Amino acid sequence: MLKISDLAFSYSNDDCKVFNDFSLSIEKGAVYGLLGLNGTGKSTLLYLLTGLLRPQQGSVLYKGEDVKLRLPSTLSDMFIVPEEFELPKMSIKKYASLHSGFYPNFSYEQLTQNLAMFGLDDSVVFNSLSMGQQKKAFMCYALATNTSLLVMDEPTNGLDIPSKSEFRRLIASNMTEEKTIIISTHQVRDIDSLLDHIVIIDGSQVLLNASSDEICRRLLFAEQPISEPTDGALFVQPSMSGNSVILPNAYDEESRLNLELLFNGVLAERERFTELLK
Amino acid sequence: MNTINNKFSFARLGAVLKCDLVEHRWSNIAAFFILFAAFLASQLANMNSIIGTGLRHSIQPDQYMPSLAANFVPFFYGVLSLALMCAAADMCGVPLKTKGRGLNYLMMPATNMEKFVARALVNTILLIVMAFAALLLADLVRMLFVPLFEVKEFYGFTLPRILAEFGETFSSAYRTGGEVWGPTVDGTVRVIGFSAYYGAVNVTTMVAAFLFAHSLFILGGCIWRKAAIIKIWITQIVVTSAVVWIFVKLEPYVLPWLGDVLTSLFETEQQAGMTLMNIAIPVLLALTALNWWLGYRLFSRKQVVAPQHHRGGKHLHQLFPSRK
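What you see is a predicted model, and the numbers here were worked out from it, not measured in a lab.

Novice: Explain the overall build of chain A here, please?
Specialist: When you go through chain A residue by residue, the secondary structure sums to ten helices and 13 strands. For 278 residues, the compact-globule formula gives about 19 Å, and the C-alpha radius of gyration of chain A, at 20 Å, lands near that figure. Considering only C-alpha atoms, chain A reaches an extent of 60 × 45 × 35 Å along its principal axes. Put simply, chain A has 278 residues, and 58% of those count as buried. Contacts in chain A between residues at least 24 apart in sequence constitute 67% of all its contacts with a sequence separation of at least 6. Positive and negative side-chain charges in chain A, numbering 24 and 36 respectively, have mean positions lying 6 Å apart.

Following this line, the structure appears as structure tokens:
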């Protein structure tokens, strides 16, 4: 669906490239979690794959079309909810009436349903809402466009605690096999139950690119008392109850994916995890 | 709306135009009122001045309104030209001023050409329509002030006279034409007649020069997102100064040579001037087209965040990117 090949990009003239020889493929019908440290280029990658930035080398193809051309057929099939945005001073209803024509699968019914989940209605004016409320309204609109690709940058930033669970419910209820959602975030606990696929990046490298099922099949996430030995663990992190460990899943045991632990583990033991999840 | 078609679509252009107009309605309304205020202030000052002059020099009251229109014409076209230049410099400024705004604009599912044409229409045709509407409103409001001046002859619209004056300038230029200078029996060089051809060349050169100047602002507006008008003016001053400096330095060598060449080719200076203008017209029009094309190239390559190597005037990279 989305193919990034040999991508190179930098913001400045010097050799400090955000991406260099970076390649990644995104398949349809999954919720992708894009994780990485600050400054590793997560937002830049989202801009590059929606055509908002132009790579200096390489290409980003969406359904075979180069996204940097910003063709209507491509743009009408993708939507981005950035971390910070600026919406015009008008009601959601008016905004939808102006812009929905650009999206062939837009559903007004879906928009009102989505807004209702957050206790909003379409008559409210964007600018009269708080930043968090605006984000909710914009996400509702984004999901109602029913584009095949939806990209979200830090969607849970600025949302209150009940809204975070509503957000998860919203994504789950709007997800179909034809859609792909890419969520870039630091707040992994807010979305870990949503993700079908995890991508951890570090500059030019993809440190991890695997489905949640695959990760859980290969790795075992466990909490151990401090007295229990951690020999054979791939990664150990002290926790309130003792140690959080990642072990090789030798006996096909079931465990809940601990995204935070996995992220720290992958960063600390790159080669081991890369080898194991190859 | 057909969003699958990637070729130019008038339906999509209409939708982009509608979004542009609705989302930036407050800027457009502000521009309208600035034009209105300028026109009204000028007309009121003109009325006051005409009455003063009339009293001193016995201008007949029936000449008040023609005088008002005649005085106002250069101001109107001056303000309109300035507004057109400022608006042209705002090609990217309005939709890409902030990252958030630019993001929405760049992600709008329309071709770059549709977005560019929509911006160009707003910044040219809409502005001209707005200027005439502002003038009409200024006329109406001015008439409310007429009782203060106690001159009933000031009741009337200047708009038709301004349009007539504009038409007259062009038609007279083509009809009666420009002055033809030539040697007379007493040996002096004077006006010996009028030529419609000369008039047409003069007017066309002026129009071509205006279009070229406007296209420079379009180009500048596509290069710079912020404070484009100031940057364009500074660039123009720098370039003009450089050209003048070069000309002054070369003048002792070039002018005598050029004079010899022109004298050998043409009988009169006017013929030489006409020929140069005939050359200048297609050159200016070609450069105008080039500026619009370069402007479109830059516009279609705008990014949500301008990388450093695209800033500081290093825009050739955007125009001719490497095809690695």
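The structure having been displayed, the exposition proceeds.
Novice: It is not clear to me how helix H4 (residues 108–117) of chain A should be interpreted in this structure. Could you clarify?
Specialist: The α-helix winds at 3.6 residues per turn, so residues separated by three or four positions along the chain end up facing the same way. Residues and elements named next belong to chain A. Listed as buried for H4 are Gln-110, Leu-111, Asn-114 and Leu-115. Projected down its long axis, H4 carries its buried residues within an arc of 135°, all on one side. With respect to the buried face of H4, the exposed residues turned more than 90 degrees away are Glu-109 and Ala-116. Downstream of H4 by a residue or two, Gly-119 has a phi angle that is positive, lying close to 70°.

Novice: Teacher, can you tell me more about the packing of helix H8 (residues 196–223) of chain B against helix H10 (residues 269–300) of chain B here?
Specialist: Residue and element names in this part refer to chain B. Where H8 contacts H10, the axes come no closer than 8 Å and their chain directions differ by 25°. Classified by the angle their axes make, H8 and H10 are roughly parallel. Read as a crossing pair, H8 and H10 show a hand that is left-handed. Taken together, the residues of the contact of H8 with H10 break down into 22 nonpolar, eleven polar and no charged.

Novice: What exactly am I supposed to notice about the nonpolar core here?
Specialist: The nonpolar side chains of a soluble globular protein tend to be buried, and buried together. Core analysis: the largest hydrophobic core is formed by 69 residues, its most contacted members being Phe-167, Ile-215 and Leu-262 of chain A. Looking at this core element by element, the count peaks at eight residues for helix H5 (residues 131–144) of chain A. Beyond its immediate sequence surroundings of up to four residues, Leu-262 of chain A is in contact with Leu-208, Ile-215, Leu-219, Phe-221, Ile-246, Leu-257 and Phe-273 of chain A. Residues Tyr-62 and Val-67 of chain A together with Met-85 and Val-305 of chain B belong to the second largest nonpolar core, which totals 55 residues.

Novice: Any chance you could explain helix H6 (residues 161–174) of chain A here in plain terms?
Specialist: Residues and elements named next belong to chain A. Here H6 spans 20 Å end to end across 14 residues, near enough to the 20 Å set by a 1.5 Å rise per residue. Looking at H6, one finds that the buried residues are Ser-163, Lys-164, Phe-167, Leu-170, Ile-171 and Asn-174. Taken down its axis, H6 places every buried residue within 115° of arc, on the same side. The exposed set on the far side of H6, more than 90 degrees from its buried face, consists of Ile-161, Pro-162, Ala-172 and Ser-173. Residues of H6 that are buried sit in contact with H4, H5, strand E7 (149–153), strand E8 (180–184) and helix H7 (188–191).

Novice: Quick question: what am I supposed to make of the sheet that holds strand E6 (residues 78–81) of chain A here?
Specialist: Sheets are built from strands that pair by backbone hydrogen bonding, the pairs being arranged parallel or antiparallel. All names here are of chain A. Strand order in the open sheet formed by six strands is E6-E7-E8-E3-E9-E10, with mixed pairing between adjacent strands. Across the chains shown, the open sheet's two edge strands, defined by having one partner strand only, are E6 and strand E10 (205–211). On average, adjacent strands in this sheet sit at an angle of 15° to one another, irrespective of strand direction.

Novice: For this particular structure, what's the right way to read the side chain of Ser-184 of chain A?
Specialist: All names here are of chain A. As for its position among the elements, Ser-184 is in strand E8. Residue Ser-184 is classed as buried on the basis of its relative accessible area of 0%. A polar contact is formed between the side chain of Ser-184 and the side chain of Asp-153, at a distance of 3.4 Å. Leave out the neighbours within four places in its chain, and Ser-184 touches Leu-34, Lys-42, Leu-46, Met-152, Asp-153, Glu-154 and Pro-155.

Novice: Looking at this structure, how should I read the interface of chain A and chain B?
Specialist: The extent of an interface is frequently quoted as the accessible surface area lost upon association of the parts. Contacts between the two partners involve 39 residues from chain A and, on the opposite side, 40 residues from chain B. Among the residues of chain A in contact with chain B, Arg-70, Glu-86 and Phe-102 of chain A are the three that bury the most area, contributing 22% of the side total. For the interface between chain A and chain B, the tally reads one salt bridge. Notably, a salt bridge pairs Glu-86 of chain A with Arg-101 of chain B, separated by 3.5 Å at the nearest N-O pair. If you look at where chain A meets chain B, you find ten residue pairs in polar contact (both at pLDDT 80 or more). When contributions to the side of chain A that touches chain B are tallied by element, the ones reaching two or more residues are helix H2 (72–75), E6 and helix H3 (92–99) of chain A. By residue class, the composition of the side of chain A that touches chain B is 23 nonpolar, ten polar and six charged.

Novice: What is the right way to read the layout of surface pockets from this model?
Specialist: Over the atoms rolls a probe the size of a water molecule, and its path tells where empty space is left. Residue and element names in this part refer to chain B. Its volume calculated, the second largest pocket comes out at about 630 Å³. Forming the boundary of the second largest pocket are 29 residues, of which Ser-27, Ala-31, Cys-86, Ala-87 and Asp-90 lie nearest the centre. When its residues are assigned to classes, the lining of the second largest pocket shows 18 nonpolar, four polar and seven charged.

Novice: Help me understand the pattern of salt bridges in this model?
Specialist: Oppositely charged side chains can form a pair if their charged atoms are brought close together. Residues and elements named next belong to chain A. As enumerated under the stated definition, the model contains 13 salt bridges over all chains in all. With its nearest N and O atoms 2.6 Å apart, the salt bridge here joins Asp-77 to Lys-63. Pair noted here: Asp-77 is in the loop between H2 and E6 and Lys-63 is in the loop between strand E4 (57–62) and strand E5 (65–66), with a separation of 14 residues, a long-range link. The partner of Arg-169 in a salt bridge is Glu-166, and the shortest N-O contact between them spans 2.8 Å. Residue Arg-169 and its partner Glu-166 are located together in helix H6, separated by three residues, close to a single helical turn. Residue classification places Arg-169 among the partly exposed positions, given a relative accessible area of 47%. A single network of salt bridges, built from pairs that share partners, joins Glu-214, Arg-217 and Arg-218.

About the criteria used
Residues numbered from 1 in each chain as written. Chains lettered and ligands numbered in written order. Predicted model: local features only at pLDDT ≥ 70, side-chain atom pairs only at ≥ 80, totals over all residues. Heavy atoms only, no water. Helix = DSSP H or I, 4+ residues; strand = E, 2+ residues; numbered from the N terminus. Rg over C-alpha atoms; globule rule 2.2 N^0.38 Å. Buried < 20%, exposed > 50% of the residue type's maximum accessible area, 1.4 Å probe, protein only. Contact = heavy atoms within 4.5 Å. Lys, Arg positive; Asp, Glu negative; His and termini not counted. Charge placed at Lys NZ, Arg CZ, Asp CG, Glu CD. Arc of directions from axis to C-beta. Axes fitted to C-alpha atoms, helices over the stretch in contact; angles between N-to-C directions. Parallel < 35°, antiparallel > 145°, perpendicular 65-115°, else oblique. Left-handed = near helix turned anticlockwise from the far one by under 90°. Nonpolar A, V, L, I, M, F, W, Y, C, P; charged D, E, K, R; others polar. Core = buried A, V, L, I, M, F, W, Y, C linked by side-chain atoms within 4.5 Å. Expected span 1.5 Å × (residues − 1). Pairing = 2+ DSSP bridges. Polar contact = N/O pair within 3.5 Å; in protein donor to acceptor, adjacent residues only side chain to side chain. Buried area = accessible area lost by both parts, 1.4 Å probe. Salt bridge = Lys/Arg side-chain N within 4 Å of Asp/Glu carboxyl O. 1 Å grid on protein atoms, 1.4 Å probe; cavity = no way out; pocket = protein on both sides within 12 Å on 5 of 7 lines; lining within 4 Å. Points joined across faces, edges and corners; volume = space filled by probe spheres on them.

Shape is all these values report; function is a separate question.
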